[in-house]
Amino acid sequence: MRRPFLPLLAPLFCLTFCFSAEAMTVDSGAGSPALGRAQASNFARLALNCIGKEYPNKPDHVMNTGADVQSPKAMHPAFYGCLDWHSSVHGHWMLVRLLRLFPDLPEAGEIRAALNENLAEKKLLAEATYPDAPNRQSFERTYGWAWLLKLAEELHGWKDPDGARWSAHLEPLARKLAARYMNFLPKQNYPIRTGVHPNTAFGLAFALDYARAVGDRPLAELLSERSRTYYARDAGYPAAWEPGGEDFFSPALMEADLMRRVLPEAEFAGWFHRFLPELAQGRPESLLRPAVVTDRSDPKLVHLDGLNLSRAWCMRSVAAALPATDPARKALMQAAEAHARAGLEHVASGQYMGEHWLASFAVYLLSVSAR
């Protein structure tokens, strides 16, 4: 059992899109920031504004012949919006998540219509065949894979007729990407420790959540083995080098957030203090201080708003996994509050380079339990 999360983050639920009349919130853990109904409505609007917006677009597309020169919607009939494939996928995840949490949301009808359109069987079968073309084995590996499995996990077991149909339509693509994890990970000798899309720890963490949720034991066992192989011996991590200038993940904290899923509680605490031995003393400061964004119209610099949100969810979850008396908990929770405050303030900035994706990170922070 994980220790309860202390109530240092509760004030955060009204930082973004919050109205005093809100009566309904979804708590992401004892004392964690809560997602309010008005927030959910505004976050949903951001996703609805982009999942059907084909341009601008930044495709991850290998062209083998001239016939492969196609529009984003022709290549990806389901996930063509929100600038890129993975942002479209997690925009769909967010809409499903919000619909499950707030079924009477004012946007509920529009959400269902959009999901019915994009998660149609024919369109998702086309998505499932796209990666089969030559030279596309690394398509969206593993960031997009992880978010697609998170979408499949969210739909799995939802007792809703629409949700059950969307889940069935998505299953071929989810199975294909789960198989790609099984095929690729034994060949990956070294983890990718970047603060952007290829980060291995993030890809393992979300895939492990999916494997456990759907009962895919072989995948779960491989992901746990790879996590231990890549990270169990890490110590004295140079977290003072963070953040990088275009990070939306902390390599250090994402690794810790993975390992709290993999290791038993007592083993995790020892591992964590070897990994970040000075964190209980508030060091390194650069890891515990929110990043500063200077230009939210820049598609790379605005990544740092996402870094603040993902750091917050990692810190919150890692703190909840440590013993109640662990001195690192206070440092983590105080830093999580500061990061959440900084990130939530800028989810809706008026700049598409952030608005096409940041709401998904915010909803994950505000609605997923610190477990």
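Residues numbered from 1 in each chain as written. Predicted model: local features only at pLDDT ≥ 70, side-chain atom pairs only at ≥ 80, totals over all residues. Heavy atoms only, no water.

A.B. asks: Tell me what's going on with the layout of surface pockets, and back it up with residues and numbers.
C.D. replies: In this structure, the largest pocket spans a volume of roughly 690 Å³. Every element with two or more residues in the lining of the largest pocket is listed here: α2 (72-75), α3 (85-101), α7 (161-184) and α8 (200-214). For the lining of the largest pocket, the leading source of residues is α3, giving four residues. (1 Å grid on protein atoms, 1.4 Å probe; cavity = no way out; pocket = protein on both sides within 12 Å on 5 of 7 lines; lining within 4 Å. Points joined across faces, edges and corners; volume = space filled by probe spheres on them. Helix = DSSP H or I, 4+ residues; strand = E, 2+ residues; numbered from the N terminus.)

A.B. asks: How would you sum up the side chain of R296? Please name residues and give values.
C.D. replies: With respect to the helices and strands, R296 occurs in the loop between α12 (285-288) and α13 (303-321). Within the structure, R296 has its side chain in polar contact with the side chain of D305 (distance 2.6 Å). Within polar-contact distance, the side chain of R296 engages the side chain of H346 at 3.3 Å. (Polar contact = N/O pair within 3.5 Å; in protein donor to acceptor, adjacent residues only side chain to side chain.)

A.B. asks: Break down the confidence of the model for the chain for me, with residues and values.
C.D. replies: Per-residue confidence for the chain gives a mean pLDDT of 93, with 91% of residues at or over 70. Below pLDDT 50 for its whole length, residues 1-24 participates in 75 contacts with residues either more than four positions away or in separate chains. (pLDDT = per-residue confidence, 0-100. Contact = heavy atoms within 4.5 Å.)

A.B. asks: Help me get a handle on empty space enclosed by the protein, residues and values and all.
C.D. replies: A complete count under the given rule lists two cavities of 30 Å³ or more for this structure. In this structure, the largest cavity encloses a volume near 50 Å³. Lining the largest cavity, in full, are L46, A47, C50, C82, G91, M94, E355, H356, W357, A359 and S360. Mapped onto the lining of the largest cavity, the elements with two or more residues apiece are α1 (37-48), α3 and α16 (358-367). Tallied by class, the residues present in the lining of the largest cavity amount to seven nonpolar, three polar and one charged. (Nonpolar A, V, L, I, M, F, W, Y, C, P; charged D, E, K, R; others polar.)

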